[in-house]
Amino acid sequence: MGQYAEKFINDGDNIILDSGTTTAHIVDAILKKKNITVITNDINIAAKLRFSSQTKVIVTGGNLFPESYMWNGLLTDKALSELYVHKAFIGTPAFHHKLGLSHFDDYLVSAKRSMIESAKKVIVVADHTKIGKVSLHKVAEIKEIDVLITTNQLDEEQRNSLEDLNLDVHIV
């Protein structure tokens, strides 16, 4: 999915990369582009981009989650609310064709919402294990998402649920 995401990244873009292992795979695609600004709340993503002369990296700050090396909380939300970006790449543990994005951890929801509100185009990256799932806390409705990139191991029911969405779905 990370390599496929390159199709959505243009030279000169300002991009938000959400924290997570799925979004971290997009870094290799970013490194092929020129004059990119990446805003992230993920230390691992920032570290992977640190030596790129073609990429400006902005980290949000906030409360550090030491087990995942991500920042969240009031400072993260404040930083994100002050930005306008071309694209936001959002990871999620749960994507449902009717209910949209949701998350099991209420502490992470506000940063994801701020990322979505800051972006002209919202691109959700979620492997097939997250499709059809619902978690406790609502992050975004389907109408707030422009693109879904997922993996091709979807079962027939998952594929059928995505076909009727008013959403640009890419199965890779």
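Caption draft 1: Layout of the sheet that holds strand 10 (residues 137-140). If you walk across this open sheet you meet the three strands as 7-8-10, and the pairing is antiparallel. Sheet topology places strand 7 (94-96) and strand 10 at the edges, where each strand pairs with a single neighbour. Here the strands of the sheet are splayed against their neighbours by 35 degrees on average, with no regard to which way each runs. Across three bridges, the pairing between strand 8 (residues 100-103) and strand 10 is antiparallel. Residue pairing for strand 10: Ser102 is matched across the bridge by Lys138. Sitting on the sheet, helix 5 (residues 106-118) touches strand 8 and strand 10, and the angle it makes with strand 10 is about 15 degrees.

Caption draft 2: Representation of the packing of aromatic side chains. Counting across every chain of the model gives two aromatic pairs. On the numbers, 6.3 Å between centres and 55 degrees between planes, the contact of Tyr4 with Phe8 is tilted.

Caption draft 3: Molecular detail of the environment of Ile15. When you line up the elements, Ile15 lands in strand 1 (residues 14-17). Between the alpha carbons of Ile15 and Thr37 there is a distance of 6.1 Å; along the sequence they are 22 residues apart. Residues contacting Ile15, with those up to four places away along its chain left out, are Ile9, Ile36, Thr37, Val38, Ile39, Val85, Lys87 and Phe89.

Caption draft 4: View of the nonpolar core. Core analysis: the largest hydrophobic core is formed by 26 residues, its most contacted members being Phe95, Leu101 and Val124. In terms of residue count, helix 5 provides more of this core than any other element does, four residues in total. Ile26, Val38, Ile45 and Phe89 belong to the second-largest nonpolar core, a separate cluster that totals 19 residues.

Conventions we followed
Per chain, the residues get numbers from 1 upward, laid out in the order the sequence is written. Local features are withheld for residues below a pLDDT of 70 in this predicted model, meaning they are given only at 70 or higher, and side-chain atom pairs are given and counted only at 80 or more; totals for whole chains, interfaces and linings count all residues. The side-chain quantities take in all heavy atoms of the structure and omit both hydrogens and water. At least two bridges found by DSSP between two strands is the condition for calling them paired. Only DSSP runs of H or I with at least four residues qualify as helices, and only runs of E with at least two residues qualify as strands; both kinds are numbered from the N terminus onward. Every axis in this analysis is a line fitted to C-alpha atoms, fitted for helices over the stretch in contact. Angles between the N-to-C directions lie between 0 and 180 degrees. It only takes one pair of heavy atoms within 4.5 Å for two residues to be counted as in contact. Aromatic pairing here means that ring centres of Phe, Tyr or Trp (its six-membered ring) are within 6.5 Å. Orientation follows from the plane angle: under 30 degrees is stacked, over 60 is edge-to-face, and everything else is tilted. In this text, buried Ala, Val, Leu, Ile, Met, Phe, Trp, Tyr and Cys residues form a nonpolar core when linked through side-chain atoms within 4.5 Å. Relative accessibility thresholds used throughout: buried, under 20% of the residue-type maximum; exposed, over 50%; partly exposed, between the two (1.4 Å probe, protein chains only).

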